[in-house]
Structure formats: C-alpha cells, structure tokens
Amino acid sequence: LQPALRPVGLEEVVPAALTTLLMLICLGLTLRVLGVRDVRCYAAVLLWVPTVGGYLFSNLSIPLALALAVMWRYRDVVWPPAIALGLAVSAKLLLWPLFVWTVMTRRMRATLLAIVVGVAVTLGAWAAIGFDGLQGYPDLLRRLSEIQAENSYSFVGMAATLGLGETVGQVLTFVLGGALLVWCAVLARAGDDFRSFTCAVAATLALSPIVWLHYLLALMVPLAIARPRFSALWLLPIVLWVSPKPGYAEGFQTFAPAVVTAILLAVLLARPAQRAAAAAASAA
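Residues numbered from 1 in each chain as written. Predicted model: local features only at pLDDT ≥ 70, side-chain atom pairs only at ≥ 80, totals over all residues. Heavy atoms only, no water.

Okay, the confidence of the model for the protein next. On average, the protein scores 88 in pLDDT, and the residues at 70 or more come to 88%. When mean pLDDT is compared element by element in the protein, helix H6 (residues 97-104) scores highest at 98, while helix H14 (residues 273-283) scores lowest at 49. (pLDDT = per-residue confidence, 0-100. Helix = DSSP H or I, 4+ residues; strand = E, 2+ residues; numbered from the N terminus.)

Written as structure tokens, this is what we have:
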C-alpha cells in the first residue's frame, strides 16, 4: 500500500526554503571569504553531492566550512579565527584537530580564546535545557558510532565492506589520522601554513568514526585556497554522484569518497611550499 500523501502547508515550505537559502548564502560567503571570484568555481561546487546534501538537509557542514574559511582568512589576528574555531568545535567535535594547527603554528592566544568560546557556548547550550541528558551523552555518542560507523564512508565503514571487521577500521582511523596530525605539526614547524592547515582539515575526516558525504565539504576550503581559479580539480567531487546515498553505502560506493579525498589531498599537499604560499597570498 502506498502511504497517503498529505498536503504541505506554507508553515512548512517557507522555513525550509529560507533555511536552504541561508545555506546557499553561507556557501557563497565561504568561497568569497577565501578570495574565489571565478563564477565557474561556484557553479562546480553547486554540482557536488556533498553540497546538495548540505543544503537539502540543512546540516552543519556548510556553516562549518564557512568557519574554516574564516579561520584561514583571518589567521593572523586573534578574535575572528578564535570565535570561528570555538563555535565550530562546540557544534561538531570532530573539528578538534584544528587545535593542533593553531598550537603548532604558535597561535596560542587564538587557541586559548577558542577553548573559552567553545566551553562557554557548550555549557550555555546545555544550561538552556537544564543539563538534561548530559550524563548519558558520552554513552549516546559511543552507541551512535557503534551503530552507524560501519554503514558510513569512514575507515570503519570501508573495513566492514571488505569484511575486515571494526577493529581494523579503528586501527586505520588512528594510524592514518595520527599520521596527518604529525605531518600537520611537521609542516607547521617548517613554516608551511597552508599544507599544515590542509593536513588538519584532512585529519578531521580521517579521525571521525562516522563520515557522511556532506562532511567532504570541508575539503572545499583548502581547494579554494590553493586554486582560487577554476581548474579540473574543481570537478573531481562530482564523481561522488556514484555514491548518492547520504548513508548506508554499499560495495564500491563506500570507497568513492576516500578515493576523491586522496586525489585532492595528493594534489594539494604535493605543491611546493613556495607555490602554496603564493596561492595563499593571492586568496587573502
């Protein structure tokens, strides 16, 4: 039996339309903040599956990408990146590797302020609901990871698809995510701000036990920094239409996001420091 279709009223359509519009504005601001002026880049991003999922489901991935853009654009001052990082980590804890970047690049004032902002916002949000459920929240996150990790595009999900088990996926998560953080620190010590930042962004994906397609919007930020003008690299994420499901990937679909991510990172991180610095300067 087909479920009966009920009419959709304006009280549902208008908020949904406004939310989608807000998401698209945030997306445009993200590219604008990073100095992207080529309209072809904007058009390409609108074709990405992560983007479509971001504005259709009105999740946090697009605002979080804007926060990353603000962090980079205003990295040499204190308040804007600190507020952006504090709010981002408070909203989505998976962005905590960005603290490694701020610490290793000696942005200590911004780091401390971001921690203060993040803690204050988090406590304020819990206080607004009387701290209801706070005690069981860590256990809820653990159970959520256990249920959804194997069905997502994370290393745990890829290992499960290959029949290797959750433990292998967790080991890969910590080893590869840890390697990206170490590389982030090494590049920061070498003064390579762009590639260090890129490693920190990549680590947020690698270390997440659950990865959905819209998470990959974070990669738009280092791509925009390095390639503010249109190139074939902007079209690469369109390949993810082979994995259109927002969750519960199957077969080869599970590996498509990792392949796209690996290619993007290989191109961006292989750039010599001098060229990366020049690209960063042109985007500033």
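Moving on, we come to the packing of aromatic side chains. In total, this model carries five aromatic pairs according to the counting rule given. Plain terms: the ring middles of Trp 101 and Phe 197 are 4.9 Å apart, the flat faces sit at 70° to each other, and that makes the pair edge-to-face. Of this pair, Trp 101 sits in helix H6 while Phe 197 sits in helix H11 (residues 193-206); the two residues are 96 residues apart in sequence, bridging distant segments of the chain. Here Trp 101 and Phe 197 have matching classes, each one buried. Connected via pairs of aromatic rings, a cluster forms that spans Trp 72, Trp 101, Phe 194 and Phe 197. Above the face of the Trp 72 ring, Arg 75 is positioned so that its terminal group lies 3.8 Å from the ring centre. (Phe/Tyr/Trp six-rings, centres within 6.5 Å; stacked < 30°, edge-to-face > 60°. Buried < 20%, exposed > 50% of the residue type's maximum accessible area, 1.4 Å probe, protein only. Lys NZ or Arg CZ within 6 Å of the ring centre and 35° of its normal.)

By size, the foremost hydrophobic cluster in this structure holds 80 residues, and its most contacted members are Leu 68, Leu 98, Trp 101, Phe 197, Met 220 and Trp 234. Looking at which element gives the most residues to this core, the answer is helix H4 (residues 61-73), with 10 residues. Aside from chain neighbours lying at most four places away, what touches Leu 98 is Leu 68, Met 71, Leu 85, Phe 197, Ala 200 and Thr 204. (Core = buried A, V, L, I, M, F, W, Y, C linked by side-chain atoms within 4.5 Å. Contact = heavy atoms within 4.5 Å.)

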